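Here's the letter readout for the chains.
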There are 2 protein chains.
Amino acid sequence: VSGASPRVVIVGAGFGGLTLARALRGTRFQVRLVDKNNYHLFTPLLYQVASALLDPAEIAQPVRKLIRGLDNCDFHQGTVVELDLDQRRVLTDQGSLDYDYLVLATGSTTNYFGNRSVEERSFGLKELPDGLSLRNRVLERFELSRWEQSASKRRAMLSFAIIGGGPTGVELAGALAELINLVLPKDYPDLNPHEPSVQLLEAADRLLGTFDPRLSQAALRALERKEVEVRLGAMVKEVREDELELEDGSHLTVGTVIWTAGVRGSGLATQLGTATSRQGRAPVGARLQLEGRPEVFLIGDLADAGGLPMLIPVAMQQAKYVARTLRDLEAGRQPAAFRYRDPGMMATIGRNAAVAQLGPIHLQGFLGWVMWLTVHLAKVVTFRARAIVLVNWAWEYFFYDRPIRLILRAGNNR
Amino acid sequence: VSGASPRVVIVGAGFGGLTLARALRGTRFQVRLVDKNNYHLFTPLLYQVASALLDPAEIAQPVRKLIRGLDNCDFHQGTVVELDLDQRRVLTDQGSLDYDYLVLATGSTTNYFGNRSVEERSFGLKELPDGLSLRNRVLERFELSRWEQSASKRRAMLSFAIIGGGPTGVELAGALAELINLVLPKDYPDLNPHEPSVQLLEAADRLLGTFDPRLSQAALRALERKEVEVRLGAMVKEVREDELELEDGSHLTVGTVIWTAGVRGSGLATQLGTATSRQGRAPVGARLQLEGRPEVFLIGDLADAGGLPMLIPVAMQQAKYVARTLRDLEAGRQPAAFRYRDPGMMATIGRNAAVAQLGPIHLQGFLGWVMWLTVHLAKVVTFRARAIVLVNWAWEYFFYDRPIRLILRAGNNR
């Protein structure tokens with residue numbers, strides 16, 4: 001019907017999808033946001049849930065709460081099972097939604113590069129339940145070790161290997177090392193401090209491969225000061241019970257393996273009828289549209305937009321671009337092509353140390369950490385969450401005391 | 001060996017076990033605390049986790065943190081699988097512990113009175129995972145209802161029946177009604193406010209049967225003001241999919257059934273070689289000892305000590321009594337018999353209303369609520385948890401806005 005509000009379905013309430021919904025506020029589009037979870041996850045702090053520093057509710061916010069102010073937007077929780085691009089319909093496990101414009105922003109999942117042993121025997125760190133599982137695992141290992149008489153068995157039990165020296169691996173290694181070296185000894189007075197260990201394995205010859213090499217060096221030194229054993233040039237071949245085999249044939253005794261060495265575009269990429277990139281992303285044109293489907297947009301990690309990195313700023317800038325483009329299309333204007341402005345990047349290595357690369361400005365050590373804290377605190381979504389995160393961080397900073405250490409299985413549904 | 005420290009094993013880190021460990025601080029006993037979880041749960045506020053007002057970490061504290069100041073006490077996480085009373089040994093799923101004195105404080109579990117349909121199809125509210133499961137269920141039902149076209153199906157989906165009009169049932173009914181009537185409409189602007197419903201079913205002819213009848217009346221009125229449908233004299237016969245059958249033959253359409261109608265002594269009671277009471281509790285003598293085993297004590301819900309109620313103050317007073325008695329026995333003194341001093345009881349019905357019965361003082365309405373808030377806040381275990389609980393309560397009180405509404409499956413292990 002001419003004059004009716006065009007229906008925009010956005011799949012995914014991550015940084016891309018949520019930013020787009022907000023950017024369409026006050027327009028005549030009728031926006032429908034769909035996600036398999038009912039919350040938006042602040043993924044940069046997920047490693048802090050895994051290391052028992054933050055609680056899930058501090059880094060996740062209900063989507064409905066985040067879109068309360070948007071009169072033209074509603075939310076449906078559901079998992080997309082099929083896309084009918086010809087009929088312009090999204091089918092989910094709960095029901096289907098018709099669209100005039102479709103924006104896919106389903107992000108990425110852990111990439112095991114086809115290594116079954118890694119997939120089956122390692123912990124990922126991508127979704128909120130991953131963070132909780134890992135937290136449970138770490139704390140359980142320490143509890144179990146209190147029953148074990150053999151020192152060598154305790155050492156194996158308390159050894160943690162993180163595979164992948166990108167920002168997630170570096171940040172998790174720093175946080176785990178601090179949990180183990182500074183916090184847990186208070187709770188385990190009988191623990192021999194030489195028994196637990198954290199290793200970080202990276203296949204390349206330096207950490208943080210996308211950063212300036214001097215910052216990679218700074219990160220390496222900061223981790224080593226925290227007693228993380230860093231192995232560069234270490235390619236993992238197979239994960240076995242309590243053991244890791246490297247490509248060079250060497251074996252490491254490791255009780256818990258955490259895989260942060262890669263992500264790939266979410267499964268939806270394969271349902272679009274186009275070939276996907278090596279990273280499992282679906283190619284889009286200069287206006288982020290699917291080829292031959294000008295009404296279908298892809299943004300964020302799912303979209304291969306000229307090889308842009310899988311980073312939050314990319315997704316957010318693309319979301320704002322799509323909002324402008326939708327308005328242009330409705331008004332009959334020709335939209336400009338998408339252009340990315342790189343705002344820089346940063347990674348933290350526990351208390352007092354971080355590396356930040358913001359255009360010409362490179363920061364490390366304490367200054368980098370203050371920058372990291374400021375930027376992340378400003379971004380945590382609501383004021384209330386911000387206040388609680390700050391209380392927890394301050395507490396931990398002054399008392400070396402992680403407040404949250406419950407081993408918690410959530411209930412099965414019944 | 002004469003002169004060696006007597007070994008006290010305490011099974012259960014609830015209110016009884018934890019109080020006992022603390023009361024033995026500074027004595028020459030070597031205390032070993034065992035629990036299947038690594039946390040102590042503040043059970044009186046569990047219904048607030050179920051109704052999405054509090055997060056798990058706000059009502060649970062790691063046991064190790066709570067016993068940090070106790071030099072003569074350590075903690076082992078494990079589930080007791082067998083008691084070898086002759087060899088004075090506790091066998092757990094992780095290892096075994098020898099004792100000179102054993103104190104069993106394993107509390108109680110949900111009692112379904114043998115009704116299989118209730119056990120299989122209803123939600124309990126006794127342990128922390130129960131609270132999380134119920135929270136997930138309530139929020140999931142609301143999300144699902146957004147896809148449902150039929151109003152009658154939505155009404156069934158959004159109907160919640162709580163069985164059992166004791167303090168837990170009354171408090172949960174009040175909190176759920178407020179969540180549904182005051183908070184969720186903000187997140188679900190399209191929700192018809194007449195579709196969701198909360199029912200409270202009680203087999204007796206009044207709520208809060210252990211309170212003064214006038215306070216039962218006050219609780220009934222407070223719940224009805226919050227639009228809870230209270231049915232007295234309603235005995236449940238069978239729970240079926242989306243339906244409840246009562247003993248009088250009537251049927252109710254109910255999407256979610258929550259069972260708070262009874263508890264029984266924990267499974268350990270049946271491993272002691274004595275007959276258990278109707279409530280599944282094991283009988284103890286005037287000094288809380290197991291008959292014929294003066295070195296084995298039972299306290300709290302697990303112990304049938306002359307029919308005392310299953311209440312936290314009973315467990316805590318018994319814990320302090322056992323600490324004194326252990327010192328008496330070691331000193332060769334004859335211990336006095338245990339005597340219970342009733343400190344009163346209270347129950348809250350959401351915002352601004354509670355009933356409290358403290359000896360001759362009976363409070364209701366807002367005054368009762370202030371009393372309830374003061375007592376509970378003072379008891380939440382550490383300062384930090386207290387501060388966060390207070391922030392959340394204040395936020396909710398002023399903004400009618402439950403902050404925590406994530407539907408969260410915790411990770412299976414891995």
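Figured I'd write up the structure that's included with this text. This structure is a prediction, so every number in the text was calculated from the model and none was measured. (Residues numbered from 1 in each chain as written. Chains lettered and ligands numbered in written order. Predicted model: local features only at pLDDT ≥ 70, side-chain atom pairs only at ≥ 80, totals over all residues. Heavy atoms only, no water.)

**Digging into the nonpolar core**
Keep this limit in mind: Buried Ala, Val, Leu, Ile, Met, Phe, Trp, Tyr and Cys residues that are joined via side-chain atoms within 4.5 Å together make up what is termed a nonpolar core. Partly exposed residues are those whose accessible area sits between 20% and 50% of the maximum for their type, while under 20% is buried and over 50% is exposed, using a 1.4 Å probe and protein chains only. Helical segments are the DSSP runs of H or I of at least four residues, strand segments are the runs of E of at least two, and each set is numbered from the N terminus. Contacts are assigned to residue pairs with any non-hydrogen atoms lying within 4.5 Å of each other.
The biggest cluster of nonpolar side chains holds 62 residues, and the ones touching the most others in it are I59, F142, L172, L176, L200 and L223 of chain A. For this core, the element with the highest residue contribution is helix 8 (residues 167-187) of chain A, accounting for 10 residues. The residues contacting L223 of chain A, other than those within four sequence positions of it, are V170, A173, G174, L200, L207, V228, V230 and I349 of chain A. Grouped together as the second largest cluster of nonpolar side chains are 61 residues, V183, Y188, L191 and A219 of chain B included.

**Remarks on the sheet that holds strand 17 (residues 251-253) of chain B**
Residues and elements named next belong to chain B. Basically, it comes down to this: Paired strands, in this sense, are two strands between which DSSP finds at least two bridges. Helix axes are fitted to C-alpha atoms over the stretch in contact, other axes to C-alpha atoms as well, and angles between N-to-C directions run from 0 to 180 degrees.
Pairing is antiparallel across the open sheet formed by 3 strands, whose spatial order is 15-16-17. Where the open sheet ends on each side, the last strands, each with one partner, are strand 15 (236-240) and strand 17. Strand-to-strand twist in this sheet, taken as the mean axis angle between neighbours without regard to direction, amounts to 20 degrees. Pairing analysis gives 4 bridges linking strand 15 to strand 16 (residues 243-246), with the strands arranged antiparallel. Residue pairing for strand 16: V239 is matched across the bridge by L244.

**Re the sheet that holds strand 2 (residues 30-35) of chain B**
Note on sheets: strands pair through backbone hydrogen bonds, and any given pair is parallel or antiparallel. Residue and element names in this part refer to chain B. An order of 5-2-1-9-22-21 is seen for the 6 strands of this open sheet, with the pairing classed as mixed. The two strands at the open ends of the sheet, each matched to only one other strand, are strand 5 (73-77) and strand 21 (289-290). Bridge count for strand 1 (residues 7-11) against strand 2 is 5 bridges, and the pairing is parallel. Looking at strand 2, one finds that R7 is bridged to Q30.

**A closer look at the packing of aromatic side chains**
Residue and element names in this part refer to chain B. Condition: Classification of ring pairs uses Phe, Tyr and Trp, with its six-membered ring standing for Trp, and accepts pairs whose centres are within 6.5 Å; under 30 degrees between planes counts as stacked, over 60 as edge-to-face, and the remaining range as tilted.
Taken as a whole and assessed by the stated rule, the structure comprises 12 aromatic pairs over all chains. Aromatic side chains F142 and F160 sit 6.3 Å apart centroid to centroid with 5 degrees between the ring planes, which places their arrangement in the stacked category. In this pair, F142 is assigned in helix 6 (residues 128-145) and F160 in strand 12 (residues 159-163), connecting sequence segments 18 residues apart. Take F142: its relative accessible area is 0%, and that puts it in the buried class. F160 sits in the buried class, given a relative accessible area of 1%.

**Details of the environment of E229 of chain B**
All names here are of chain B. Relative to the helices and strands, E229 is located in strand 14 (residues 228-232). Residue classification places E229 among the partly exposed residues on the basis of a relative accessible area of 37%. Each C-alpha atom, one on E229 and one on T260, is 16 Å from the other, the two residues being 31 residues apart in sequence. Excluding anything up to four places from it in sequence, E229 contacts S197, V198, Q199 and L200.

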